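One-letter residues, chain by chain:
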Amino acid sequence: MSAAPTLPKRKTGKGVGPGVGTGSTPKSGSTAAAAPGDGSGPAPRPAPQPGTRPGPRPGKSIEKRRARQANRAPRQTRALTAEFVAAVAASDDVAAGPPEVALCGRSNVGKSSLVNALCQQKALARTSRTPGRTRRICLFDVVLDGGQTVRLVDFPGFGHAEVPLSMRDEFAPMIQGYLEGQTQLRAVVVLIDSRRDTDSDAVGFVEWLHEQRLPVVVVATKIDKIPKNLRFPVLARMKRDFGLQRPPLGVSTVDGDGVQALRLAIRDVCHPRVPGKKGSRVQP
Ligand SMILES: Nc1nc2c(ncn2[C@@H]2O[C@H](COP(=O)(O)OP(=O)(O)O)[C@@H](O)[C@H]2O)c(=O)[nH]1
Ligand SMILES: [Mg+2]
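The rules behind each value
- Residues numbered from 1 in each chain as written.
- Chains lettered and ligands numbered in written order.
- Predicted model: local features only at pLDDT ≥ 70, side-chain atom pairs only at ≥ 80, totals over all residues.
- Helix = DSSP H or I, 4+ residues; strand = E, 2+ residues; numbered from the N terminus.
- Buried ≥ 20, exposed ≤ 12 C-beta atoms within 10 Å, placed from the backbone.
- Contact = placed C-beta atoms within 7 Å.
- Near = placed C-beta within 6 Å.
- Nonpolar A, V, L, I, M, F, W, Y, C, P; charged D, E, K, R; others polar.
- Pairing = 2+ DSSP bridges.
- Axes fitted to C-alpha atoms, helices over the stretch in contact; angles between N-to-C directions.
- pLDDT = per-residue confidence, 0-100.
- Expected span 1.5 Å × (residues − 1).
- Arc of directions from axis to C-beta.

Here's the deal with the overall build of the protein
Thought 1: Within the protein one finds six helices and seven strands.
Thought 2: Order of helices (α) and strands (β) in the protein, N terminus to C terminus: α-β-β-α-β-β-α-β-α-β-α-β-α.
Thought 3: A total of 284 residues make up the protein; the buried ones form 35% of that total.
Thought 4: Long-range contacts, defined here as pairs at least 24 residues apart, represent 73% of the contacts in the protein between residues at least 6 apart.

What follows is the structure in structure tokens.
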């Protein structure tokens, strides 16, 4: 899909600007942690004396530390249930539901597989080796273990060379119309195959999303296909090419890399925390 600079600006004004991101620095691919005592890492702790146990650090009682840990929200979330809601052609075709996050990207980039991984289901969204099989916008509601419900929107792929041009033309307005019209949309996850060179279509699409004031999360898919020592340079190149503030999140539905981080980011953008109120989230 090509960028559409002449379109009227999104009017809902609910976006908080680009870069909501999970943009977390990738774990995999980063260089190994410095070995203790090599001068680059923290100084090694002194070995405990025989018969003694290391006590709490001065001024910090164990009770205080435990209480703080108990209050801290767990940095993981599971999908309790997930269900297919509808396959639609426009945002008007379905009643407004929970806050939504859309997954966009070329056909075959791994959108449906990622929906399944986020939902912790094997075959909720239909995956296929043949590009261009999904022809409708598929909606899935996921209930997370904190009780929050989010809607995942699986778009048909766009811009794949193996998809007939007529079909690409059919999808572009459908996707664009949905992105502009859906008031429940909180963010767009743009999936890029980590093995491919950056294509200008995808860069234009991300720029267009920024113009619409829609938060964007760029995700590098199939990261398992990239050798670990090459992951950092690949993600750094994508950061540069897309003009991101942080490297994209590398994900793999094969070994699960990045899926938990993305699920957390989706939860947080759909159900943001109430500032100053521990554990409370804004009601949609
Ligand atoms: N190695 C690997 N293959 C993947 C991954 N995600 C998806 N695939 C494969 O890529 C192909 C297309 O996936 P699909 O989810 O249908 O892509 P979609 O067209 O964007 O929905 C399928 O054969 C998947 O098994 C991944 O993380 N790693
Ligand atoms: Mg699909």
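Describing helix α2 (residues 111-119)
Thought 1: Of all nine residues in α2, nine are buried; the element is thus mostly enclosed.
Thought 2: Listed in full, the buried residues belonging to α2 are Lys111, Ser112, Ser113, Leu114, Val115, Asn116, Ala117, Leu118 and Cys119.
Thought 3: Phi turns positive one or two residues past the end of α2, at Gln120, with a value near 55°.

Focus: the site of ligand 1
Thought 1: Around ligand 1 there are 19 residues in total, and Gly110, Lys111, Ser112, Ser113 and Thr127 lie nearest to it.
Thought 2: Counting residues per element, the shell around ligand 1 draws most heavily on α2, at three residues.
Thought 3: Of the residues that constitute the shell around ligand 1, the class distribution is two nonpolar, twelve polar and five charged.

What about the sheet that holds strand β4 (residues 149-154)?
Thought 1: The seven strands lie next to each other as β1-β3-β4-β2-β5-β6-β7, forming an open sheet whose pairing is mixed. In the strand order of this sheet, the two ends are held by β1 (79-88) and β7 (249-250), each with one partner.
Thought 2: Here helix α4 (residues 200-211) sits on the sheet and contacts β5 (185-193) and β6 (216-221); the angle it forms with β5, its principal contact strand, is near 170°.

As for unusual backbone geometry
Thought 1: Look at Gln120: it is not a glycine, yet its phi comes out positive at around 55°.
Thought 2: By secondary structure assignment, the location of Gln120 is in the loop between α2 and β3 (137-144).
Thought 3: In the Ramachandran plot, Arg213 falls in the positive-phi region, its phi being about 60° despite a non-glycine side chain.
Thought 4: Turning to its location among the elements, Arg213 is positioned in the loop between α4 and β6.

Let's talk about the confidence of the model for the protein
Thought 1: For the protein, the average pLDDT comes to 77, and 66% of its residues sit at 70 or higher.
Thought 2: The least confident element of the protein, judged by mean pLDDT, is helix α3 (residues 165-181) at 71; the most confident is β7 at 97.
Thought 3: Counting interchain partners and residues more than four positions distant, the pLDDT-below-50 stretch residues 1-41 has 74 contacts.
Thought 4: Contacts of residues 160-167 to residues separated by more than four positions or lying in other chains number twelve contacts, the stretch itself having pLDDT below 50.

Here we look at helix α5 (residues 228-242)
Thought 1: Its 15 residues place the ends of α5 22 Å apart at the C-alpha level, agreeing with the 21 Å of an ideal helix rising 1.5 Å per residue.
Thought 2: All of the buried residues along α5 are Arg231, Val234, Leu235 and Met238. What you see down the axis of α5 is that its buried residues fit within an arc of 95°, all on one side. Seen from the buried face of α5, the exposed residues on the opposite side, beyond 90 degrees, are Asn229, Leu230, Pro233 and Arg240.
Thought 3: Taken together, the buried residues of α5 touch β5, β6 and β7.
Thought 4: Downstream of α5 by a residue or two, Gly243 has a phi angle that is positive, lying close to 65°.

Some words on the environment of Pro156
Thought 1: Mapped onto the elements of the fold, Pro156 is located in the loop between β4 and α3.
Thought 2: A residue is classified by how many C-beta atoms lie within 10 Å of it, and Pro156, with 22 of them, is buried.
Thought 3: Between the alpha carbons of Pro156 and Asn108 there is a distance of 9.7 Å; along the sequence they are 48 residues apart.

Some words on the pairing of β3
Walk down a regular strand and you will see the side chains alternate between the two sheet faces.
Thought 1: Of all eight residues in β3, six are buried, a share of seventy percent or more.
Thought 2: When β1 meets β3, the two strands line up antiparallel, connected through eight bridges. Pairing of Ala86 across the sheet is with Leu139, part of β3.
Thought 3: The sheet contact formed by β3 and β4 spans six bridges and is antiparallel. If you follow Asp141 over to β4, its bridge partner there is Arg151.

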